[in-house]
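Chain and residue survey
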Amino acid sequence: MRARFIHMAFLGLQIVAHALYGAPAFAAANEQARVMPAAPGSQMQTEPVPVPEPTATAVKYHKGNMLLWGVGVILGIAVPTIILFSGFSARLRDFAQHLGHAWFWTISIYVCLFIVLLWAISLPLDFYQGFVREHSYGLSNQSFAKWAGDSIKSLLVSIAFGVALGWIPYLVLRVSPTRWWIVTSILAVPIFVFVTLIEPIWIAPLFNKFGAMKDKALEREILNLAERAGIEGSRVFEVNKSVDTKKINACVTGVFGTKRVVLWDTLIAKLDRDQVLFVMAHEMGHYVLGHIWKILAALCLLTPVTLYLVNRSARWIISMFKLQLGFQTLQDVASLPLFLLLLNLFSLLLVPFINAFSRHLEKQADTFALELTQNNHAAASAFVALGKDNLVHPRPGAIYRIWRASHPTLAERIEFCNNYAPWREGKPLRYGDRFRRSKRD
Ligand SMILES: [Zn+2]
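Residues numbered from 1 in each chain as written. Predicted model: local features only at pLDDT ≥ 70, side-chain atom pairs only at ≥ 80, totals over all residues.

**Some details on the overall build of the chain**
What the chain contains, in helices and strands, is 16 helices and four strands. Considering the chain as a whole, with its 441 residues, one finds that 42% of them fall into the buried category. (Helix = DSSP H or I, 4+ residues; strand = E, 2+ residues; numbered from the N terminus. Buried ≥ 20, exposed ≤ 12 C-beta atoms within 10 Å, placed from the backbone.)

**Concerning the environment of valine 79**
Take valine 79: it is sitting in helix α3 (residues 56-85). With 39 residues separating them in the primary sequence, valine 79 and leucine 118 have C-alpha atoms 8.3 Å apart.

**Some points on the packing of helix α4 (residues 88-100) against helix α5 (residues 103-136)**
Contact geometry of α4 with α5 gives a least axis separation of 8 Å together with a crossing angle of 130°. The orientation of α4 with respect to α5, classified from their angle, is oblique. Classified by chirality, the crossing of α5 by α4 is right-handed. Side by side, α4 and α5 meet where Leu92, Arg93, Ala96, Gln97, Leu99 and Gly100 of the first sit next to Trp105, Thr106, Ser108, Ile109, Tyr110, Leu113 and Phe114 of the second. Residues belonging to the contact of α4 with α5 are distributed by class as follows: eight nonpolar, four polar and one charged. (Axes fitted to C-alpha atoms, helices over the stretch in contact; angles between N-to-C directions. Parallel < 35°, antiparallel > 145°, perpendicular 65-115°, else oblique. Left-handed = near helix turned anticlockwise from the far one by under 90°. Contact = placed C-beta atoms within 7 Å. Nonpolar A, V, L, I, M, F, W, Y, C, P; charged D, E, K, R; others polar.)

**Considerations on the packing of α5 against helix α6 (residues 144-165)**
At a closest axis distance of 10 Å, the pairing of α5 and α6 adopts a crossing angle of 155°. If you check the angle between α5 and α6, you find them roughly antiparallel. At the point where α5 passes α6, the crossing takes the right-handed sense. Across the interface between the two elements, Ser108, Val111, Cys112, Ile115, Trp119, Asp126, Gly130 and Phe131 from α5 touch Trp147, Ser151, Leu155, Ser158, Ile159, Gly162 and Val163 from α6. Of the residues contributing to the contact of α5 with α6, the split by class is nine nonpolar, five polar and one charged.

**What to know about the sheet that holds strand β3 (residues 250-253)**
The strand order across the open sheet formed by four strands is β1-β2-β4-β3, and the pairing between neighbours is mixed. The sheet is open, and its two edges are formed by β1 (210-211) and β3, each paired on a single side. The sheet contact formed by β3 and strand β4 (residues 260-264) spans four bridges and is antiparallel. Residue pairing for β4: threonine 253 is matched across the bridge by arginine 260. Relative to β3, helix α11 (residues 273-288) is tilted by about 20°, and along the sheet it contacts β3 and β4. (Pairing = 2+ DSSP bridges.)

**Observations regarding the pairing of β4**
With four of five residues buried, β4 lies mostly within the body of the structure. Across four bridges, strand β2 (residues 236-239) lies against β4 in parallel orientation. Paired with valine 236 across the strands is valine 261, a residue of β4.

**So, the pairing of β3**
Side chains on a regular strand alternate between the two faces of the sheet. Burial of β3 is two-sided: the residues Ala250 and Val252 facing one way and the residues Cys251 and Thr253 facing the other way are all buried. Between β3 and β4, which follow one another and run antiparallel, lie six residues, and glycine 254 among them has a positive phi close to 85°.

**So, α5**
Its 34 residues give α5 an end-to-end C-alpha distance of 48 Å, which sits within 8% of 50 Å, the value for a rise of 1.5 Å per residue. Most pronounced at leucine 123, the bend in α5 amounts to some 50°, and the proline proline 124 follows within four residues. Every buried residue of α5 is accounted for by Thr106, Ile107, Ser108, Ile109, Tyr110, Val111, Phe114, Ile115, Leu118 and Glu134. Positive phi shows up at glycine 138, right after α5, with a value of about 70°. (Expected span 1.5 Å × (residues − 1). Bend = angle between axes of the 7 residues up to and from the residue.)

**So, the nonpolar core**
The biggest cluster of nonpolar side chains holds 48 residues, and the ones touching the most others in it are Leu225, Leu267, Met280, Ala281, Met284 and Ala382. Ignoring anything within four residues of it in the chain, the contact list for leucine 225 reads Leu277, Met280, Ala281, Met284 and Leu372. The next biggest cluster of nonpolar side chains, apart from the first, holds 30 residues, and it includes Ile107, Val111, Leu118 and Tyr170. (Core = buried A, V, L, I, M, F, W, Y, C linked by C-beta atoms within 7 Å.)

**Looking at helix α13 (residues 336-373)**
Considering bend angle alone, the principal kink of α13 is centred on leucine 349 and spans about 45°; proline proline 352 follows within four residues of it. The first or second residue beyond α13 is glutamine 374, which carries a positive phi of 50°.

**Let's talk about the confidence of the model for the chain**
For the chain, the average pLDDT comes to 88, and 89% of its residues sit at 70 or higher. The spread of mean pLDDT over the elements of the chain runs between helix α1 (residues 2-9), the lowest at 36, and α4, the highest at 98. Low pLDDT, under 50, characterises residues 1-42; the stretch is placed with 125 contacts to residues that sit more than four places away or in other chains. (pLDDT = per-residue confidence, 0-100.)

**A closer look at the environment of alanine 160**
On the secondary structure map, alanine 160 appears in helix α6. Of the residues examined, alanine 160 has 15 C-beta atoms within 10 Å and is grouped as partly exposed. Taking the C-alpha atoms as reference, alanine 160 lies 9.9 Å from serine 108; in sequence the two are 52 residues apart.

**A word on unusual backbone geometry**
Phi is positive for histidine 101, close to 60°, though the residue is something other than glycine. For histidine 101, the location among the structural elements is in the loop between α4 and α5. Of note, glutamine 374 is a non-glycine position whose phi angle comes to about 50°, a positive value. For glutamine 374, a count of 16 C-beta atoms within 10 Å translates into the label partly exposed.

Structure below.
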């Protein structure tokens, strides 16, 4: 959801958006989990938890998701192609030039109009996918006013990012037409960090309320867990996602002082204490193991590769089709849909690698959480709760696993949670040295 505004906001940030926001940090979550009975007293349940079979509704929801994803991929290629090859982009540039005169204003007006155009084209599908369909599957609590308000806010945030950042590669293209992709990649590094820094404090609160946790006893337990995980002065926020969705999730966002663990209020309402603590331990794993920085580093490596490919192919396309396109060089802002088209195409090649990297980090966070809580039953049953009655397919097919799965499948996670217990055999913990020493030390 929040992925969309940055997705549209500006080209280079597209992959950031995918990695940071397209992949909620815990997400197994397309679901309507029921409250699981709390673990009785201090008696820890130890029996393995079976992987649930998906319901017919879950299979239908999953298939529909795949179809809608396919439609989105096709539109992501078809829409910029039509805008480019019909000459519409060149006409939009002429109009922006007519209004703006100067170089900066021409670019800014073009970027605004282009973002509004993409927003309007995707509006019917967004409305169906984000509102109508979620309600028809009983997954949404959102009013139409909230949906519409969020959509407008996303558009405005996109425009703000577009105007703030859109001129940068065009300036670099003017100064260094052949090496622009290297310079832009270097300039992207502080921008990636900045976006990650401001997202939790300025952007996310535009859409939901972030407050202190209401359940103070649970908050204290989470803070104790954080202490044991070696996180000092951590902040836990409860976000009122129940106004939007019945789905449950949590995430860790931000860098430096804005780093925070966020629980959706729906998660607190639906999981028992031990399950919430496992989810929190998973999020703390991301935090302690520096996953945000690893994702940012991966993006900083991928950006020059992507922009190099974009540069080569864009030049070839312009040289072949300049008459149809109505522009002669990449420096012309009318090339913006060409950048979008090529980024969408290359992201199809890159996303499987980004997803594989993300799954690797998720497995690390699951390992960390199991070692910290040492409660296999709570962990596995948390995933069952996330998937039960819910519309998550525990064993999705190959296309999903390659292009869409930023997390291991639900079945893989439940099986891992059932089986991973080195502490029972007295074997060393993989992350044991990260944990705060216990009292006996
Ligand atoms: Zn995670």
